[in-house]
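# Summary of structural features
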Amino acid sequence: MRLEARFKWLPTPFRSLLLFLVWLLLNNSVSAGHIILGTILAIVIPLITYRFRTKQPLIIRPWRAVTHLLLVLYDIITANVEVAIKILGPTKKLQPGFVLVPLDIDQAMPITILASTVSLTPGTVSAEVYPWPESLGDKQHSERKYLLIHVLDLKDEQLLIDTIKLRYEKPLKEIFEC
């Protein structure tokens, strides 16, 4: 059972707690009046805005999310060094290109995180998420989503696709209920 579904008067308890803490921090006071007003706001604001929220998939493995974040941070650091070396070297050897990565996930939040992860890793930029282009034919792929990625130095397209799917997409499928 979802935590949010238990309390009708507190639909998003973590968001309410965050609102309460931010209220106290912004006012730099822990007086009774600020605690009461912060509590009222922390209950009323989520109640009013709850129906406008888009339902997102739940994080079912939070520790996997932490290890994934550490992996992405490591990749960002190492990729920065690699890109710096490539840019400072002869740029004629660079082979930029576009790659279509087929996605096994179809929910907006994990796709957004995947696209952001790819864009944060230097040398690659997520360009767009879209269905298989009709101009490429193959109607069996038309229901599947693809992530279009621009790569600074594309050596092996299939290796890049496999790396993104194994290193980034697979953990996201485990973290969320995909």
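Residues numbered from 1 in each chain as written. Predicted model: local features only at pLDDT ≥ 70, side-chain atom pairs only at ≥ 80, totals over all residues. Heavy atoms only, no water.

With that settled, consider the overall build of the protein chain. Secondary structure summary: the protein chain contains six helices and three strands in total. Ordering the α and β elements of the protein chain from the N terminus gives α-α-α-α-β-α-β-β-α. Taken across its 178 residues, the protein chain has 31% of its residues classed as buried. Long-range contacts, defined as pairs at least 24 residues apart, comprise 72% of the intrachain contacts of the protein chain with a sequence gap of at least 6. Only carbon and sulfur atoms are counted for the fraction: they give 66% of the accessible area of the protein chain, which is about 12000 Å². (Helix = DSSP H or I, 4+ residues; strand = E, 2+ residues; numbered from the N terminus. Buried < 20%, exposed > 50% of the residue type's maximum accessible area, 1.4 Å probe, protein only. Contact = heavy atoms within 4.5 Å. Areas by Shrake-Rupley, 256 points an atom, 1.4 Å probe, with all protein chains shown as cover.)

A separate point is the pattern of salt bridges. Tallied over the full model, the rule gives six salt bridges. Within the structure, one salt-bridge network assembled from shared partners comprises Lys 86, Asp 153 and Lys 155. (Salt bridge = Lys/Arg side-chain N within 4 Å of Asp/Glu carboxyl O.)

Bringing unusual backbone geometry into the picture now. Unlike most non-glycine residues, Asn 28 shows phi in positive territory, near 50 degrees. Looking at the secondary structure, you find Asn 28 in the loop between helix 2 (13-27) and helix 3 (32-49). Residue class for Asn 28 comes out exposed when judged on its relative accessible area of 72%.

So, about the nonpolar core. If you look at the biggest cluster of nonpolar residues, it comprises 21 residues, and the most contacted ones within it are Val 99, Val 101, Leu 114, Leu 147, Ile 149 and Ile 164. Only helix 4 (62-88), strand 1 (97-102), helix 5 (108-120), strand 3 (145-151) and helix 6 (157-175) provide two or more residues apiece to this core. Looking at this core element by element, the count peaks at six residues for helix 6. The contact partners of Leu 147, leaving out residues within four places of it in the chain, are Val 99, Leu 100, Val 101, Leu 103, Leu 114, Ala 115, Val 118, Ser 126, Glu 128 and Val 129. (Core = buried A, V, L, I, M, F, W, Y, C linked by side-chain atoms within 4.5 Å.)

This part covers the packing of helix 5 against helix 6. Remark: helix 5 packs on helix 6, axes separated minimally by 10 Å, with the N-to-C direction vectors making an angle of 145 degrees. Judged by the twist between their axes, the crossing of helix 5 over helix 6 is right-handed. Facing Pro 110, Ile 113, Leu 114, Thr 117 and Val 118 of helix 5, the residues of helix 6 in contact are Ile 164, Tyr 168, Glu 169 and Leu 172. Across the contact of helix 5 with helix 6, the residue classes tally to seven nonpolar, one polar and one charged. (Axes fitted to C-alpha atoms, helices over the stretch in contact; angles between N-to-C directions. Left-handed = near helix turned anticlockwise from the far one by under 90°. Nonpolar A, V, L, I, M, F, W, Y, C, P; charged D, E, K, R; others polar.)

Quick look at the packing of helix 2 against helix 3 now. Following both chains from N to C, one finds helix 2 and helix 3 inclined at 140 degrees, their axes separated by 8 Å at the closest point. Where helix 2 crosses over helix 3, the two elements pack in a sense that is right-handed. Here helix 2 contributes Ser 16, Leu 19, Phe 20, Trp 23, Leu 24 and Asn 27 to the contact with helix 3, which in turn contributes His 34, Ile 35, Leu 37, Gly 38, Thr 39, Leu 41, Ala 42, Ile 45 and Pro 46. Among the residues making up the contact of helix 2 with helix 3, the classes are represented as ten nonpolar, five polar and no charged.

This paragraph deals with a nonpolar patch on the surface. A cluster of nonpolar side chains, Ile 36, Leu 37, Ile 40, Val 44 and Ile 48, forms an exposed patch at the surface whose accessible area comes to about 430 Å². For Ile 40, the location among the structural elements is in helix 3. (Patch = residues over 30% accessible without salt bridge, like charges linked within 9 Å, V, L, I, M, F, W, Y side chains within 5 Å.)

On to the sheet that holds strand 1, then. The strand order across the open sheet built from three strands is 1-3-2, with neighbouring strands paired in antiparallel fashion. With partners counted over all chains shown, the strands left at the sheet margins are strand 1 and strand 2 (124-131), one partner each. Between one strand axis and the next, the sheet turns through 25 degrees on average, direction left out of account. Taken together, the six bridges between strand 1 and strand 3 define a ladder with antiparallel strand orientation. Residue pairing for strand 3: Gly 97 is matched across the bridge by Val 151. Packed onto the sheet, helix 5 meets strand 2 and strand 3 and runs at close to 150 degrees relative to strand 2. Relative to strand 1, helix 6 is tilted by about 50 degrees, and along the sheet it contacts strand 1 and strand 3. (Pairing = 2+ DSSP bridges.)

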